[in-house]
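# Summary of structural features
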Amino acid sequence: MLKWIESTGKTEDAAIEAALQKLGLDRDDVSVEVLERAKSGFLGIGSCPAKVKVTYEAPDEPEEAPAPEPVREEPRPAPQAERRPAPEKKPAPEKKPAPERPAEPAAAAPAADDEKAAKIDAFLTGLLEHMGADARPVVKVDENGTYQVELVGQELGSLIGRRGETLDAIQQLTGYAVNHGQSRRVRIHVDAEGYRAKREESLVRLAKKTAAKAVKYRRNVTLEPMNAYERHVIHTALQETPDVTTYSIGTEPNRRTVVAYSRGEHR
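The following refers to the structure shown. Since the structure is predicted, the reported quantities are computational estimates derived from the model, not experimental observations. (Residues numbered from 1 in each chain as written. Predicted model: local features only at pLDDT ≥ 70, side-chain atom pairs only at ≥ 80, totals over all residues. Heavy atoms only, no water.)

As a packed pair, helix α7 (residues 195-217) and helix α8 (residues 228-237) sit with axes 9 Å apart at the nearest point and diverge in direction by 50 degrees. What the angle tells us is that α7 and α8 run oblique. Our pair here, α7 against α8, has a crossing hand that is right-handed. Contacts from Arg196, Arg199, Glu200, Leu203, Val204, Ala207 and Lys208 of α7 reach α8 at Tyr229, Glu230, Val233, Ile234 and Ala237. For the contact of α7 with α8, the residue count by class is seven nonpolar, no polar and five charged. (Axes fitted to C-alpha atoms, helices over the stretch in contact; angles between N-to-C directions. Helix = DSSP H or I, 4+ residues; strand = E, 2+ residues; numbered from the N terminus. Parallel < 35°, antiparallel > 145°, perpendicular 65-115°, else oblique. Left-handed = near helix turned anticlockwise from the far one by under 90°. Contact = heavy atoms within 4.5 Å. Nonpolar A, V, L, I, M, F, W, Y, C, P; charged D, E, K, R; others polar.)

In structure tokens:
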């Protein structure tokens, strides 16, 4: 379900950052609407803080609470099972092959994979088969706890789609399947043929070029519609750029990022 909060700060960026810290979310996890722009006033008189509305998706609450496990009262038969091997003490010298048994747990160790990773793998394997794609998912977890999924196969262009739209849809479906009904959500990034890195480099170049244009002409520049991931790249690329701020307008799937000329307080 969608929820929202309002936040204020000296600048739009400060107001957004305050809301993100309160929610514990990243910039690409929320949609931001600027309600009031910051005004510096004259000599500090008549100044007005920026006010933003931050909308985010709250996880669904589980419908059924897990029932407490019943107390097991089955330890009594255990002693009886241990008494049976006792008469086998005579052939003790013939139990030399016994050391081979520890090898079985060692072979099973690699199968103890992360439950989330297994769920991601199972869902994507079924989805790719349904799509008729000759590809398989490779799931890894990075140092930030994000599940990085690489689709490996031949001719993956159809899985990427125009401007990554198909890849975004696959990522969104995977996130919904894995996080639905869970109290703790995990971040999942799905990539193919290194598309994300190439697209990110292109977006960073676009962001810096647009920021230079906004400062030169002292006006706001609205970019083409982008998904949440692409908007996050733009926000991050210009986060430390002087005299420039960014925010998003519109609704999905036509939500756009605005690169706005922002007069510094020293002006």
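What follows concerns the sheet that holds strand β7 (residues 221-222). Taken together, the three strands give an open sheet; going across it, the order is β7-β9-β8, and neighbouring strands pair in antiparallel fashion. Either end of the sheet is taken by a strand with one partner, and the two such strands are β7 and β8 (244-249). Across the sheet, α7 touches β7, β8 and β9 (256-261), and the angle it forms with β9 is around 40 degrees. (Pairing = 2+ DSSP bridges.)

Where helix α4 (residues 115-131) meets helix α6 (residues 165-179), the closest approach of the two axes is 10 Å, and the angle between their N-to-C directions is 135 degrees. By the criterion of interaxial angle, the relationship of α4 to α6 is oblique. Crossing angle aside, the handedness with which α4 passes α6 is right-handed. On α6, the residues touching Lys116, Lys119, Ile120, Phe123, Leu124, Leu127 and Met131 of α4 are Thr166, Ile170, Leu173, Thr174, Ala177 and Val178. Split into classes, the residues belonging to the contact of α4 with α6 amount to nine nonpolar, two polar and two charged.

With that settled, consider the pairing of β9. With five of six residues buried, β9 lies mostly within the body of the structure. Sheet topology places β8 next to β9; six bridges connect them, and they run antiparallel. Across the sheet, Thr245 pairs through a bridge with Ala260, a residue of β9. Linkage of β8 to β9, two consecutive antiparallel strands, is achieved through a turn of six residues, within which Gly250 is found at a positive phi near 90 degrees. (Buried < 20%, exposed > 50% of the residue type's maximum accessible area, 1.4 Å probe, protein only.)

Here the focus is the environment of Lys140. Note on placement: Lys140 falls in strand β4 (residues 135-141). You can call Lys140 exposed: its relative accessible area is 57%. Through-space distance from the C-alpha of Lys140 to that of Glu150 is 8.5 Å; in sequence the pair is 10 residues apart. Excluding its chain neighbours within four sequence positions, the residues that come into contact with Lys140 are Thr146, Tyr147 and Gln148.

Turning next to the nonpolar core. Judged by nonpolar contacts, the single largest core of 20 residues is most densely connected at Ile120, Leu124, Val149, Leu151, Leu159, Ile188 and Val190. Every element with two or more residues in this core is listed here: α4, β5 (147-153), α5 (157-160), α6 and β6 (188-192). In terms of residues, this core owes the most to one element, α4, which gives five residues. What Leu159 contacts, discounting residues up to four positions off in sequence, is Leu128, Met131, Ala133, Ala135, Leu151, Thr166, Leu167 and Ile170. (Core = buried A, V, L, I, M, F, W, Y, C linked by side-chain atoms within 4.5 Å.)

It is generally the case that most residues other than glycine have a negative phi and that most peptide bonds are trans. Residues Glu252 and Pro253 are joined by a peptide bond in cis, for which omega reads 5 degrees. Here Pro253 lies in the loop between β8 and β9. Unusually for a residue other than glycine, Glu155 sits at a positive phi of about 50 degrees. Relative to the helices and strands, Glu155 is located in the loop between β5 and α5. Its identity is not glycine, yet Asp243 carries a phi of approximately 65 degrees, on the positive side. With respect to the helices, strands and loops of the structure, Asp243 is situated in the loop between α8 and β8. Given a relative accessible area of 19%, Asp243 falls into the buried group.

Let us now look at α6. With 15 residues, α6 extends 21 Å between its outermost C-alpha atoms, agreeing within 8% with the 21 Å of an ideal straight helix rising 1.5 Å per residue. Buried residues of α6: Leu167, Asp168, Ile170, Gln171, Thr174, Gly175, Val178 and Asn179, and no others. Mapping the buried residues of α6 onto a view down its axis gives an arc of 160 degrees, with all of them on the same face. The exposed set on the far side of α6, more than 90 degrees from its buried face, consists of Gln172 and Tyr176. At its buried positions, α6 is contacted by α4, β5, α5, β6 and α7. Looking one or two residues beyond α6, the residue adopting positive phi is Gly181, at roughly 80 degrees. (Expected span 1.5 Å × (residues − 1). Arc of directions from axis to C-beta.)

What is shown is where atoms sit, not what they do.
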